[in-house]
Number of protein chains: 2
Amino acid sequence: MRAVIMHAPGDVRVEEREDPRIIDPTDAIIRLTATCICGSDLWPYRGADQPDHQHMGHEYVGVVDEVGSAVETLEVGDFVVGSFVISCGTCEICRAGHQSRCVNAVFVDGAIGTQAERARIPFADGTLVATPGQPDAALIPSLLAASDVLGTGWFAADAAQAGPGRIVAVVGDGAVGLMGVLAAQQMGAERIIVVSRHADRQALAREYGATDIIEERGDEGVARLKELTDGLGAHSTIEAVGSQESMMQAIRSTRPGGSVGFVGVSHDVQIPGDELFFSAVHLHGGPAPVRRYLPELIQLIWDRVIDPGKVFDLILPLADAAEGYRAMDERRATKVLLTL
Amino acid sequence: MRAVIMHAPGDVRVEEREDPRIIDPTDAIIRLTATCICGSDLWPYRGADQPDHQHMGHEYVGVVDEVGSAVETLEVGDFVVGSFVISCGTCEICRAGHQSRCVNAVFVDGAIGTQAERARIPFADGTLVATPGQPDAALIPSLLAASDVLGTGWFAADAAQAGPGRIVAVVGDGAVGLMGVLAAQQMGAERIIVVSRHADRQALAREYGATDIIEERGDEGVARLKELTDGLGAHSTIEAVGSQESMMQAIRSTRPGGSVGFVGVSHDVQIPGDELFFSAVHLHGGPAPVRRYLPELIQLIWDRVIDPGKVFDLILPLADAAEGYRAMDERRATKVLLTL
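On a predicted model such as this, the values are computed, not experimentally measured, just so you know. (Residues numbered from 1 in each chain as written. Chains lettered and ligands numbered in written order. Predicted model: local features only at pLDDT ≥ 70, side-chain atom pairs only at ≥ 80, totals over all residues. Heavy atoms only, no water.)

## Some points on the overall build of chain A
Right, on to step 1. The helix and strand inventory of chain A stands at 13 helices and 19 strands.
Right, on to step 2. Computed over its C-alpha atoms, the radius of gyration of chain A comes to 19 Å, within 12% of the 20 Å expected for a compact globule of 340 residues.
Right, on to step 3. Seen through its principal axes, chain A has C-alpha atoms that stretch 60 × 40 × 40 Å.
Right, on to step 4. In chain A, once contacts between residues fewer than 6 apart in sequence are set aside, the share between residues at least 24 apart is 69%.
Right, on to step 5. Only carbon and sulfur atoms are counted for the fraction: they give 47% of the accessible area of chain A, which is about 12,400 Å².
Right, on to step 6. Charge separation in chain A, taken as the distance between the mean sites of 28 positive and 47 negative side-chain charges, equals 2 Å. (Helix = DSSP H or I, 4+ residues; strand = E, 2+ residues; numbered from the N terminus. Rg over C-alpha atoms; globule rule 2.2 N^0.38 Å. Contact = heavy atoms within 4.5 Å. Areas by Shrake-Rupley, 256 points an atom, 1.4 Å probe, with all protein chains shown as cover. Lys, Arg positive; Asp, Glu negative; His and termini not counted. Charge placed at Lys NZ, Arg CZ, Asp CG, Glu CD.)

Written out as structure tokens, the structure reads:
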């Protein structure tokens, strides 16, 4: 099969690899229908991590091709959406809804790699969710979004306790931020204020439910947000950038007793304890437990209630993965879908 | 009147000061019945802050002596318990229950000082709560505890989401930690594991509901706690020390999706963003909104359901305040009550 391999930072190639096969009885083999490039794939691409012939990709939809003898909820031919973290579904942490920190968790990235024609998915029952039937082609981008970027934005909004009567701030207008806007609107937020400097992303944010745009960053952005909120700040803030500046902007933009949800963070971020203390916010984040939300998200997509697939603004065949990475690295694309 | 003044680190004196008087129509003047010395009073005492003839004290119970013309809920002669933060009770933040971050908040410490015979309490309606009647002398220590140390421990347990079915860890066996144990038990925690090395505090912790004691600190303490919790960690962790080590012990002791409540932090604590991210815990803290809990806590004390006053292990007259500070500084006392 063909798979996307990152030989070194900036060096992405599509190469032949052996087809995966069932190893454990809880495995499934899937044929990928679509996959995509994540903002986090740019970290090794730009050299922040050191990739060494790494098998890339962790977002995926596809068709079940083979199941191990212990798989109970899936059949060959099912169309499935999976989470970017393998989860057993049976441990106490999974059952509490924190599947991304399952005691048997495996990050798909590197260990498996779904920028490929096929993939072996361990703990298939705990990781994959079948759609109600075979989806129309038009639904594929949205279902693919559910496997990470939508699930992550949804978790961020949930962690920030977005809901009726709440003013939600979204720091960051990348794909995750935009999905956070969509999620906050679905959750019934009263007002959604997005920090964005890009006209095209502002437009999509407004389409997804943003009511206000702030162009200023850092403490100027905080001051602008306070002006818009009677000096109090947001009830719920989604941190969707992951830098020191954006994390502090998120905390400072939130009123006492409010909540900050964060879904990615660079290695060097340090949160000053005393500032967090006096902010009196709730802070919750982590790798999104996408599996918790998949049944609900799939249904919303299936029923055409939400259309997260619009976040993909460049579609390429898998063979052109290298161009996809370049386009995202150079900010010519927000998010790239790879077809198979 | 007499008042406790800290001239400089280690130099505490009881001196004559002018009686306070009504300034704003929302003020009340109270005659103190009892006050106490807080663990946080040791920060300036030990030179971590630089006191300069500071009027000390922020925990208090007493009798209303005079009210301003706009005070509605209190009458002269009422016995009252107050929070260590003055709160207006009417702003949006107060109404949401985060009175310690009221937009009109004033910290009693320094600005007012309740280690004194009398005190002026601004925003009396928003800050003070009257007891159902004149309390027996035996209830005074517990009512006094409600004004800070109990309210703070209660908030820590609430922020950590202690409750039925939850394993609660308490990092720290000082007065706040012990009150956190009491609170967790009242909230119905299934199991309460306390980090403590002092036999007398362990005994009181067990009396308040502790089920297990861990003597190890730092990462050894984390390992011991994991052994006791099937390798998963606590659902709810109360951080009641405020150091870098204790904060990290608290975060690392908590299972993914669990909650850490913290109620004090020294200036140099830094929380690594990536570790917090992968911990996937909820983190919430701040100056405790004691006022939110006062009506409930007063009733529990009034009904003899809880006896937080046991946390005071040394009782001295106000005139001997300097000895009280020494006893706490030298760890001869956990918490000192000053009588008037």
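After that view of the structure, there is still more to cover.
## Let's talk about the interface of chain A and chain B
Right, on to step 1. With 34 residues of chain A in contact, the opposing surface of chain B contributes 34 residues.
Right, on to step 2. Buried area between chain A and chain B, both sides added, is near 3,000 Å², and the carbon and sulfur share of it is 65%.
Right, on to step 3. Broken down residue by residue, the surface that chain A buries against chain B is led by R101(A), P256(A) and F277(A), which jointly contribute 20%.
Right, on to step 4. Linking chain A to chain B there are two salt bridges.
Right, on to step 5. Residues E92(B) and R255(A) are paired through a salt bridge, measuring 2.9 Å at the closest nitrogen-oxygen approach.
Right, on to step 6. Connecting chain A to chain B are 14 residue pairs in polar contact (both at pLDDT 80 or more).
Right, on to step 7. At the level of elements, helix 2 (92-95), strand 15 (254-262), strand 16 (270-272), helix 11 (273-279) and strand 17 (282-285) of chain A are the ones that each hand at least two residues to the side of chain A that touches chain B.
Right, on to step 8. No other element matches the six residues that helix 11 of chain A contributes to the side of chain A that touches chain B.
Right, on to step 9. Tallied by class, residues from the side of chain A that touches chain B come to 18 nonpolar, twelve polar and four charged. (Buried area = accessible area lost by both parts, 1.4 Å probe. Salt bridge = Lys/Arg side-chain N within 4 Å of Asp/Glu carboxyl O. Polar contact = N/O pair within 3.5 Å; in protein donor to acceptor, adjacent residues only side chain to side chain. Nonpolar A, V, L, I, M, F, W, Y, C, P; charged D, E, K, R; others polar.)

## Some points on the sheet that holds strand 4 (residues 54-55) of chain B
Residue and element names in this part refer to chain B.
Right, on to step 1. Taken in spatial order, the three strands line up as 2-1-4 in an open sheet, and their pairing is antiparallel. The sheet is open, and its two borders are formed by strand 2 (11-16) and strand 4, each paired with just one other strand.
Right, on to step 2. The pairing of strand 1 (residues 2-8) with strand 2 spans six bridges and is classified as antiparallel. Considered in strand 2, the bridge of A8 is made with D11.
Right, on to step 3. Against the sheet, helix 13 (residues 321-329) touches strand 1 and strand 2, its axis set at about 160 degrees to strand 2. (Pairing = 2+ DSSP bridges. Axes fitted to C-alpha atoms, helices over the stretch in contact; angles between N-to-C directions.)

## A few points about the domain arrangement of chain A
All names here are of chain A.
Right, on to step 1. Along its sequence, chain A is organised into domain 1 (2-148 + 289-339) and domain 2 (153-285).
Right, on to step 2. A C-alpha centroid distance of 27 Å is found between domain 1 and domain 2.
Right, on to step 3. Taken residue by residue, the interface counts 18 residues in domain 1 and 15 residues in domain 2.
Right, on to step 4. For the pairing of domain 1 and domain 2, the buried interface totals around 1,400 Å² over both sides, and the portion due to carbon and sulfur atoms is 62%.
Right, on to step 5. Three residues stand out in domain 1 for area buried against domain 2, namely Y293, K310 and T334, and they jointly supply 32% of the buried area on that side.
Right, on to step 6. At the junction of domain 1 with domain 2, the criterion picks out two salt bridges.
Right, on to step 7. Between E207 and K310 there is a salt bridge whose closest N-O contact spans 2.2 Å.
Right, on to step 8. For the pair domain 1 and domain 2, the number of links is six residue pairs in polar contact (both at pLDDT 80 or more). (Domains from an automatic or database assignment.)

## Let's talk about the side chain of D148(B)
All names here are of chain B.
Right, on to step 1. Locating D148 in the fold gives a position in the loop between helix 5 (140-146) and helix 6 (149-159).
Right, on to step 2. One buried charged side chain, D148, makes no salt bridge at all; its nearest oppositely charged neighbour is K335, positioned 5.7 Å away.
Right, on to step 3. Those residues in contact with D148 that lie beyond four places of it in its chain are C38, H58, E59, F84 and V290. (Buried < 20%, exposed > 50% of the residue type's maximum accessible area, 1.4 Å probe, protein only.)

## A word on the environment of A28(B)
Residue and element names in this part refer to chain B.
Right, on to step 1. Among the secondary structure elements, A28 is positioned in strand 3 (residues 28-37).
Right, on to step 2. Linking A28 and P122, residues 94 residues apart in sequence, is a C-alpha distance of 6.5 Å.
Right, on to step 3. With sequence-adjacent residues up to four places away left out, A28 is seen in contact with I22, E66, V67, A119, R120, I121, A124 and L128.

## Notes on the UniProt feature "domain: Enoyl reductase (ER)" (unreviewed entry) in chain A
Right, on to step 1. The residues that UniProt annotates with the feature "domain: Enoyl reductase (ER)" (unreviewed entry) are residues 7-338 of chain A.
Right, on to step 2. End-to-end, the C-alpha atoms of residues 7-338 of chain A are 19 Å apart, and along that stretch the chain is 32% helix and 26% strand. (UniProt positions renumbered as here; feature names shortened; annotations may be inferred.)

## Describing the relation of the copies chain A and chain B
Right, on to step 1. In the superposition of chain A on chain B (RMSD 0.0 Å, axial shift 0.0 Å), the rotation amounts to 180 degrees. Taken together, the turn and the small shift mark the pair as related by a two-fold rotation axis. (Least-squares fit on C-alpha atoms with pLDDT ≥ 70 in both.)

## A short note on the environment of A137(A)
Residues and elements named next belong to chain A.
Right, on to step 1. On the secondary structure map, A137 appears in the loop between strand 10 (128-130) and helix 5 (140-146).
Right, on to step 2. Since its relative accessible area comes to 65%, A137 is described here as exposed.
Right, on to step 3. Separated by 52 residues in sequence, A137 and V85 have C-alpha atoms that sit 25 Å apart.

## Observations regarding the side chain of S87(A)
Residue and element names in this part refer to chain A.
Right, on to step 1. Inspection of the secondary structure puts S87 in the loop between strand 7 (85-86) and helix 2.
Right, on to step 2. Since its relative accessible area comes to 0%, S87 is described here as buried.
Right, on to step 3. Among the polar contacts made by the side chain of S87, one reaches the main-chain carbonyl oxygen of G126 at a distance of 2.9 Å.

## Considerations on the sheet that holds strand 14 (residues 234-239) of chain B
Right, on to step 1. Spatial ordering of the open sheet is given by 13(A)-12(A)-11(A)-14(A)-15(A)-17(A)-17(B)-15(B)-14(B)-11(B)-12(B)-13(B), a layout of twelve strands whose pairing is mixed. Sheet topology places strand 13 (212-214) of chain A together with strand 13 (212-214) of chain B at the edges, where each strand pairs with a single neighbour. Recorded for the sheet is a direction-independent mean angle of 20 degrees between the axes of neighbouring strands.
Right, on to step 2. As paired strands, strand 11 (residues 167-171) of chain B and strand 12 (residues 191-195) of chain B are joined by five bridges and run parallel to one another. Across the sheet, V168(B) pairs through a bridge with I192(B), a residue of strand 12 of chain B.
Right, on to step 3. Of the strands in this sheet, strand 14, strand 15 (254-262) and strand 17 (282-285) of chain B are in contact with helix 6 of chain B, which crosses strand 15 of chain B at around 160 degrees.
Right, on to step 4. Relative to strand 12 of chain B, helix 7 (residues 175-186) of chain B is tilted by about 175 degrees, and along the sheet it contacts strand 11, strand 12 and strand 14 of chain B.

## What about empty space enclosed by the protein?
Right, on to step 1. Here the structure, examined in full by the defined rule, presents two cavities of 30 Å³ or more.
Right, on to step 2. Volume-wise, the largest cavity comes out at about 50 Å³.
Right, on to step 3. Along its surface, the largest cavity is lined by H98(A), S100(A), R101(A), F155(A), H284(A), G285(A), P287(A), P289(A) and A280(B).
Right, on to step 4. Across the lining of the largest cavity, the residue classes tally to four nonpolar, four polar and one charged.
Right, on to step 5. Residues from two domains meet in the lining of the largest cavity; each of domain 1 (2-148 + 289-339) and domain 2 (153-285) of chain A gives at least three.
Right, on to step 6. In terms of lining residues, the second largest cavity is bounded by A280(A), H98(B), S100(B), R101(B), F155(B), H284(B), G285(B), P287(B) and P289(B).
Right, on to step 7. Counted by class, the lining of the second largest cavity contains four nonpolar, four polar and one charged residues. (1 Å grid on protein atoms, 1.4 Å probe; cavity = no way out; pocket = protein on both sides within 12 Å on 5 of 7 lines; lining within 4 Å. Points joined across faces, edges and corners; volume = space filled by probe spheres on them.)

## Digging into the nonpolar core
Right, on to step 1. The biggest cluster of nonpolar side chains holds 58 residues, and the ones touching the most others in it are L143(B), L150(B) and W154(B).
Right, on to step 2. For this core, the element with the most residues is helix 12 (residues 290-302) of chain B, which contributes eight residues.
Right, on to step 3. In terms of domain composition, this core takes at least three residues from each of domain 1 (2-148 + 289-339) and domain 2 (154-285) of chain B.
Right, on to step 4. Residues within four places of L143(B) in sequence aside, it is in contact with V61(B), F79(B), V81(B), T131(B), P135(B), I298(B), I301(B) and W302(B).
Right, on to step 5. Core analysis: the next-biggest nonpolar cluster, separate from the first, contains 57 residues, I140(A), M187(A), V194(A) and A288(A) among them. (Core = buried A, V, L, I, M, F, W, Y, C linked by side-chain atoms within 4.5 Å.)

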